[in-house]
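Structural description and commentary
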Number of protein chains: 2
Amino acid sequence: MIAKHYSKVPLERESNADKAGIRWLIAEKEGATTFSMRMIEVEAGGSSPYHSHPWEHQVYISEGEADVTMGEEQEHLETGYTAFVPPGVKHTFKNNGKETLRMICVIPLKE
Amino acid sequence: MIAKHYSKVPLERESNADKAGIRWLIAEKEGATTFSMRMIEVEAGGSSPYHSHPWEHQVYISEGEADVTMGEEQEHLETGYTAFVPPGVKHTFKNNGKETLRMICVIPLKE
């Protein structure tokens, strides 16, 4: 069975992000063909890259809290929130909390 | 911004499941084009349908625990586990714990 705890998947530091990294939970090597499930981790005081791309993100915050910027909008999200980042919208998730922010982030494998 | 707490999304009971329901967190109406993020909830003592289908599942257990059957394999998974259900493999998630099982389950929108 292809099943594992997220902590068993290596955390890859994001060189263009501040105190943030990514775990590729389910990707091509697990058999994924259409989309990929990753976990993004942002330490207290850090943030994900402020960027945009031509594909969507589907996010679920599993631990911690985030101050999210999408385009001109800002919102404070906590554990249990989902967020949809449309293609082409500049976005960042900043962790102003005291705990590590962890979020499931799903992206398409093919554009 | 398209963001919401999962509890704000209606829980639809699954008529072919035992004490289980689904919340469609992100789907076409939010702008999804390739895949959809849902939350599956299974009450203590319940289970998701024992079935197979020609598309994959990507799962993340956000609360509770599950006794998972996939094909001939069985495994006990807890909060923080991911699981990949390959296309065509018969599967069920049974909740033998005391708390409600909640899991993010992503499926392709197009086969």
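**Describing the overall build of chain A**
Check the secondary structure of chain A and you find zero helices and ten strands. For chain A, the C-alpha atoms occupy an extent of roughly 40 × 30 × 25 Å along the three principal directions. By residue count, 38% of the 111 residues in chain A fall in the buried class. The contacts of chain A with a sequence gap of at least 6 include a subset with a gap of at least 24, amounting to 63%.

**Considerations on the interface of chain A and chain B**
Contacts between the two partners involve 34 residues from chain A and, on the opposite side, 34 residues from chain B. Elements represented by at least two residues in the side of chain A that touches chain B include exactly strand E1 (2-5), strand E3 (18-26), strand E4 (35-47), strand E5 (57-63), strand E6 (65-70), strand E7 (73-78), strand E8 (81-85) and strand E10 (101-108) of chain A. Strand direction decides the pairing type here: E8 of chain A and strand E1 (residues 2-5) of chain B, joined by four bridges, are antiparallel. For threonine 82 of chain A, the partnering residue across the bridge sits in E1 of chain B and is lysine 4 of chain B.

**Regarding the relation of the copies chain A and chain B**
Overlaying chain A on chain B yields an RMSD of 0.0 Å, the required transformation being a rotation through 180° with an accompanying axial translation of 0.0 Å. On this basis, the relationship between the two copies can be described by a two-fold rotation axis. When each C-alpha of chain A is compared by its distance to the rotation axis, serine 62 of chain A comes out closest, at 3.2 Å. Both copies share a contact surface, since 100% of the interface residues of chain A are interface residues in chain B too.

**Things to note about unusual backbone geometry**
Residue and element names in this part refer to chain A. One non-glycine residue with positive phi stands out, namely lysine 19, at about 55°. Along the chain, lysine 19 falls in strand E3. By C-beta crowding, lysine 19 is classed as partly exposed, having 17 other C-beta atoms within 10 Å.

**Focus on the confidence of the model for chain A**
Mean pLDDT over chain A stands at 95; residues scoring 70 or higher make up 99%. Predicted as a complex, the structure gets a pTM of 0.95 and an ipTM equal to 0.94.

**Details of the pairing of strand E10 (residues 101-108) of chain B**
Sheet analysis places strand E4 (residues 35-47) of chain B next to E10 of chain B, joined by eight bridges and oriented antiparallel. Bridge assignment links methionine 37 of chain B to a residue of E10 of chain B, and that residue is valine 106 of chain B.

**Considering the pairing of strand E7 (residues 73-78) of chain B**
When strand E6 (residues 65-70) of chain B meets E7 of chain B, the two strands line up antiparallel, connected through six bridges. When the sheet's bridge partners are listed, alanine 66 of chain B is paired in E7 of chain B with leucine 77 of chain B.

**As for the environment of glycine 97 of chain B**
Residues and elements named next belong to chain B. Within the fold, glycine 97 resides in the loop between strand E9 (91-94) and E10. Between the C-alpha atoms of glycine 97 and glutamate 65, which are 32 residues apart in sequence, the distance is 6.2 Å. With residues near it in sequence (within four places) discarded, glycine 97 still touches Ala44, Gly64 and Glu65.

**Some details on the environment of serine 36 of chain B**
All names here are of chain B. Secondary-structure assignment places serine 36 in strand E4. The buried category is assigned to serine 36, around which 20 C-beta atoms lie within 10 Å. In the structure, serine 36 is positioned eleven residues away from leucine 25 in sequence and 7.8 Å away in space, judged by C-alpha atoms.

**As for the nonpolar core**
In this structure, Met103 and Ile104 of chain A together with Met103 and Ile104 of chain B are the most contacted members of the largest nonpolar core, which totals 56 residues. The contact partners of methionine 103 of chain B, leaving out residues within four places of it in the chain, are Ile40, Val59, Tyr60, Ile61, Ser62 and Phe93 of chain B.

**Thoughts on the environment of serine 7 of chain B**
The residue serine 7 of chain B is located in the loop between E1 and strand E2 (12-13) in this model. Considered as a pair, serine 7 of chain B and leucine 25 of chain B are 18 residues apart in the sequence and their alpha carbons are 9.7 Å apart.

Calculation rules
- Residues numbered from 1 in each chain as written.
- Chains lettered and ligands numbered in written order.
- Predicted model: local features only at pLDDT ≥ 70, side-chain atom pairs only at ≥ 80, totals over all residues.
- Helix = DSSP H or I, 4+ residues; strand = E, 2+ residues; numbered from the N terminus.
- Buried ≥ 20, exposed ≤ 12 C-beta atoms within 10 Å, placed from the backbone.
- Contact = placed C-beta atoms within 7 Å.
- Pairing = 2+ DSSP bridges.
- Least-squares fit on C-alpha atoms with pLDDT ≥ 70 in both.
- pLDDT = per-residue confidence, 0-100.
- Core = buried A, V, L, I, M, F, W, Y, C linked by C-beta atoms within 7 Å.

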